[in-house]
Amino acid sequence: MNPVLTNSTNSQVSTQTAQLVTTSSPAIEKPSAWMREGYSPTEIILAAAILTSLLMGGVATVIMAMTGLVKTVAAETVNQASRKTK
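Residues numbered from 1 in each chain as written. Predicted model: local features only at pLDDT ≥ 70, side-chain atom pairs only at ≥ 80, totals over all residues. Heavy atoms only, no water.

> Is there a simple way to explain the overall build of the chain in this structure?
When you go through the chain residue by residue, the secondary structure sums to 2 helices and 0 strands. In the chain, which comprises 86 residues, the share counted as buried stands at 2%. On the chain, roughly 8,700 Å² of surface is accessible, and the fraction owed to carbon and sulfur atoms is 64%. (Helix = DSSP H or I, 4+ residues; strand = E, 2+ residues; numbered from the N terminus. Buried < 20%, exposed > 50% of the residue type's maximum accessible area, 1.4 Å probe, protein only. Areas by Shrake-Rupley, 256 points an atom, 1.4 Å probe, with all protein chains shown as cover.)

> Which parts of the structure should I look at to understand a nonpolar patch on the surface?
A surface patch of nonpolar side chains, about 430 Å² in accessible area, is lined by Leu46, Ile50, Leu51 and Leu54. Relative to the assigned elements, Ile50 resides in helix H2 (residues 41–85). Using a relative accessible area of 43% as the deciding quantity, one classes Ile50 as partly exposed. (Patch = residues over 30% accessible without salt bridge, like charges linked within 9 Å, V, L, I, M, F, W, Y side chains within 5 Å. Salt bridge = Lys/Arg side-chain N within 4 Å of Asp/Glu carboxyl O.)

By themselves, these figures tell us nothing about what the structure is for.
Quick look at the structure:
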């Protein structure tokens, strides 16, 4: 007689439940809210452009004033030098 060995495997089916969690996407504000609150991208770009042009105008005015002052001082210095030589 041959003894027959049988292996009995106790297989249990395991189930896992998964819960789907939906995340809400951040709400995009309407452009009208941007204008009302004062932080619209277009408004910021426009303000930056205006401030930049005012700054450039101010710098140009200062440079022109300094140039005029230098010309005046240089001309006065030349006039005084020519008076001394006469």
